Amino acid sequence: MPYAPLPFALETERLSLRLWQESDAEGYRRLVSEREGDHASRTSGRPEPDGEPMSLDAALDDIRGARETAPGRGIHLLAMHPRGTDDFLGYCGLVIGRSTIGEPEIAYELLRSAHGCGYATEAAAAVVEAARATGRHRLWATVGSWNAPSFRVLDKLGFRRDRTVVEAEAGEIVWTVLDLA
């Protein structure tokens, strides 16, 4: 691999970002449930009854899979917690997503209760610096055109809009880019 791996832990002034632990499963399950509810209302314009919420066993399986595959990929998502606690806030990290391992996407998602506190910006800034340290030269972020809070985070980090595409399931997606070199 031509790039150094992303660290398995990062610290900011207020946050600890670390490789997923089984203790993150309940928070992750809640996050996925919130996301699914948001998706239903965005695509139809009104809240819709969701299917069964993610089970704790399914959340544990996802976390175990992420932990097992992280070393081989060199990029991964990190669970986000207030420093000194085990309170799950969300995640932030690098993924292939719609991009590539050489120019990965930054991804972040927080529980609704953590919105508006600057956590996404703080965590994403730490991940950008860690990505720079891996030797990468560019990061991408793809964001639904409706997601103004994510655009505010990306603007603060220096991402610029590159293009807009329409995807069948996701709708209008804006590609943003940040040159690291």
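Residues numbered from 1 in each chain as written. Predicted model: local features only at pLDDT ≥ 70, side-chain atom pairs only at ≥ 80, totals over all residues. Heavy atoms only, no water.

## Thoughts on the overall build of the protein
Step number 1: Check the secondary structure of the protein and you find four helices and eight strands.
Step number 2: Each helix and strand of the protein, placed in order from N terminus to C terminus, yields the pattern β-β-α-α-β-β-β-α-β-α-β-β.
Step number 3: Taken over the C-alpha trace, the protein has a radius of gyration of 16 Å; the compact-globule value for 181 residues is 16 Å, and the two agree within 12%.
Step number 4: Principal-axis analysis of the C-alpha atoms places the extent of the protein at approximately 45 × 40 × 30 Å.
Step number 5: Expressed as a percentage of the 181 residues in the protein, the buried residues total 45%.
Step number 6: A sequence separation of at least 24 residues applies to 63% of the contacts in the protein between residues at least 6 apart.
Step number 7: If you sum the accessible surface of the protein, you get close to 9400 Å²; carbon and sulfur atoms cover 51% of it. (Helix = DSSP H or I, 4+ residues; strand = E, 2+ residues; numbered from the N terminus. Rg over C-alpha atoms; globule rule 2.2 N^0.38 Å. Buried < 20%, exposed > 50% of the residue type's maximum accessible area, 1.4 Å probe, protein only. Contact = heavy atoms within 4.5 Å. Areas by Shrake-Rupley, 256 points an atom, 1.4 Å probe, with all protein chains shown as cover.)

## Focus on the pattern of salt bridges
Step number 1: Within this structure, the stated rule accounts for 13 salt bridges.
Step number 2: One salt bridge connects Glu26 with Arg29, and the closest N-O pair in it is separated by 2.6 Å. Within this pair, Glu26 and its partner Arg29 are both found in helix α1 (residues 25-44), separated by three residues, close to a single helical turn.
Step number 3: Since its relative accessible area comes to 32%, Glu26 is described here as partly exposed. (Salt bridge = Lys/Arg side-chain N within 4 Å of Asp/Glu carboxyl O.)

## What to know about the side chain of Glu109
Step number 1: Note that Glu109 resides in strand β5 (residues 105-110).
Step number 2: For Glu109, a relative accessible area of 15% puts it in the buried group.
Step number 3: Within the local environment of Glu109, its side chain forms a polar contact with the side chain of Arg35, the two groups lying 2.8 Å apart. (Polar contact = N/O pair within 3.5 Å; in protein donor to acceptor, adjacent residues only side chain to side chain.)

## Considerations on the packing of helix α3 (residues 119-133) against helix α4 (residues 148-157)
Step number 1: The N-to-C vectors of α3 and α4 enclose an angle of 45 degrees; their axes lie 10 Å apart at closest approach. Judged by the inter-axis angle, α3 sits oblique to α4. In this structure, α3 meets α4 at a crossing whose hand is right-handed. Where α3 abuts α4, its residues Ala120, Thr121, Ala124, Ala125 and Val128 lie against Val153, Lys156 and Leu157.
Step number 2: Its residues assigned to classes, the contact of α3 with α4 shows six nonpolar, one polar and one charged. (Axes fitted to C-alpha atoms, helices over the stretch in contact; angles between N-to-C directions. Parallel < 35°, antiparallel > 145°, perpendicular 65-115°, else oblique. Left-handed = near helix turned anticlockwise from the far one by under 90°. Nonpolar A, V, L, I, M, F, W, Y, C, P; charged D, E, K, R; others polar.)

## As for helix α2 (residues 56-73)
Step number 1: Counted at 1.5 Å a residue, the expected span for α2 with its 18 residues is 26 Å, and the 25 Å between its end C-alpha atoms agrees.
Step number 2: The largest bend along α2 reaches roughly 25 degrees and is located at Arg67, with the proline Pro71 sitting one to four residues downstream.
Step number 3: Looking one or two residues beyond α2, the residue adopting positive phi is Gly74, at roughly 85 degrees. (Expected span 1.5 Å × (residues − 1). Bend = angle between axes of the 7 residues up to and from the residue.)

## Topic: the environment of Cys92
Step number 1: Of note, Cys92 is situated in strand β4 (residues 90-95).
Step number 2: Along the backbone, Cys92 and Thr142 are 50 residues apart, and their C-alpha atoms lie at a distance of 14 Å.
Step number 3: When neighbours within four sequence positions are excluded, Cys92 is seen to be in contact with Leu17, Leu77, Leu78, Met80, Ala107, Tyr108, Ala123, Ala124 and Val127.

## What about the environment of Val95?
Step number 1: In this fold, Val95 is placed in strand β4.
Step number 2: Placed 49 residues apart in sequence, Val95 and Gly144 show a C-alpha to C-alpha distance of 17 Å.

## Brief notes about the confidence of the model for the protein
Step number 1: Averaged over all residues, the pLDDT of the protein is 92; the fraction at 70 or higher stands at 91%.
Step number 2: Confidence drops under pLDDT 50 across residues 43-50; counting only partners more than four residues distant or on other chains, this segment forms nine contacts. (pLDDT = per-residue confidence, 0-100.)

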